[in-house]
Amino acid sequence: MSKIEKQDKKINKDEADLIDKLVGINRVAKVVKGGRRFGFAALVVVGDQRGKVGFGTGKAKEVPEAIKKATEDAKKNMLRVPLKEGRTLHHDMKGHFGAGKVVLRTAPSGTGIIAGGPMRAVFETLGVQDVVAKSIGTSNPHNMIKATFDAFASMNSPRNVASKRGRKVAEIFGNKLNSDTNSNANVS
């Protein structure tokens, strides 16, 4: 078995467990000499429910073809998002794209996904179980999803912060606890 065949099998195995959600379909028109030519634009979110997610758009004359193109585009633009305990985000964050702004907040266990439309599809495919999200400024699905991905880009996990500082994860959490006890001791 050649190296290329092994890579193809690995790619097919990765794609097998991806879940895709159709966020929206728009009918678009092109005005030509004889009238209008109609096409369809699709917006799709793809994820593995274990921290990888991507979105894509596609346009075609028929709906199934537009969805297929959007799904392929989403698979090319996957993003890894670190999850806390595999169920929620590490910290609160904000993102924006155009006029759209989103606020993403961590939530305790059992809260569920409290998010509107397109953001709900992103969190379901990402594998987040507990999150509170609010979109401000726009209800356009494209801008909401792009703003959500902008927020994901600014997210840091404790492991990432520790590697940037050249410390261990326990030291980052440990120093915070020690400083709280020291400040309480100084007050007394």
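Everything here concerns the structure above.
Quick caveat, the model's predicted, so the values are computed rather than measured.

(A) Inspection of the environment of Val81 at higher detail. Structurally, Val81 can be placed in the loop between strand E4 (78-80) and strand E5 (93-97). For Val81, a relative accessible area of 2% puts it in the buried group. Placed 30 residues apart in sequence, Val81 and Gly51 show a C-alpha to C-alpha distance of 5.1 Å. What Val81 contacts, discounting residues up to four positions off in sequence, is Gly51, Val53, Leu126, Phe152 and Met155.

(B) The sheet that holds strand E8 (residues 131-136), seen in detail. Strand order across the open sheet formed by four strands is E5-E6-E8-E7, with mixed pairing between neighbours. The sheet is open, and its two edges are formed by E5 and strand E7 (113-114), each paired on a single side. Bridging between E7 and E8 involves two bridges; their strand directions are parallel. Paired with Ile114 across the strands is Val132, a residue of E8.

(C) Representation of the side chain of Thr71 within the structure. Looking at the element boundaries, Thr71 is found in helix H2 (residues 63-76). The buried category is assigned to Thr71, whose relative accessible area is 10%. Here Ile67 takes part through its backbone oxygen, which lies 2.8 Å from a polar atom of the side chain of Thr71. Residues within four places of Thr71 in sequence aside, it is in contact with Asp20, Val44 and Val46.

(D) Spatial organisation of unusual backbone geometry. Despite not being glycine, Gln49 has its phi angle at roughly 60°, a positive value. Checked against the element boundaries, Gln49 lands in the loop between strand E2 (35-47) and strand E3 (52-60). Although it is not a glycine, Glu85 adopts a positive phi angle of roughly 55°. For Glu85, the location among the structural elements is in the loop between E4 and E5. With relative accessibility at 62%, the residue Glu85 sits in the exposed group.

(E) Representation of the pattern of salt bridges. What the rule picks out here adds up to five salt bridges. For the salt bridge of Asp17 with Arg50, the shortest nitrogen-to-oxygen distance reads 2.9 Å. Taken as a pair, Asp17 in the loop between helix H1 (3-16) and strand E1 (19-32) and Arg50 in the loop between E2 and E3 lie far apart in primary sequence, 33 residues in all. Note that Arg87 is salt-bridged to Glu85, the shortest N-O span being 3.3 Å. Linked by salt bridges that have partners in common, Glu85, Arg87 and Asp130 make up one network.

Cut-offs and rules
Residues numbered from 1 in each chain as written. Predicted model: local features only at pLDDT ≥ 70, side-chain atom pairs only at ≥ 80, totals over all residues. Heavy atoms only, no water. Helix = DSSP H or I, 4+ residues; strand = E, 2+ residues; numbered from the N terminus. Buried < 20%, exposed > 50% of the residue type's maximum accessible area, 1.4 Å probe, protein only. Contact = heavy atoms within 4.5 Å. Pairing = 2+ DSSP bridges. Polar contact = N/O pair within 3.5 Å; in protein donor to acceptor, adjacent residues only side chain to side chain. Salt bridge = Lys/Arg side-chain N within 4 Å of Asp/Glu carboxyl O.

Shape is all these values report; function is a separate question.
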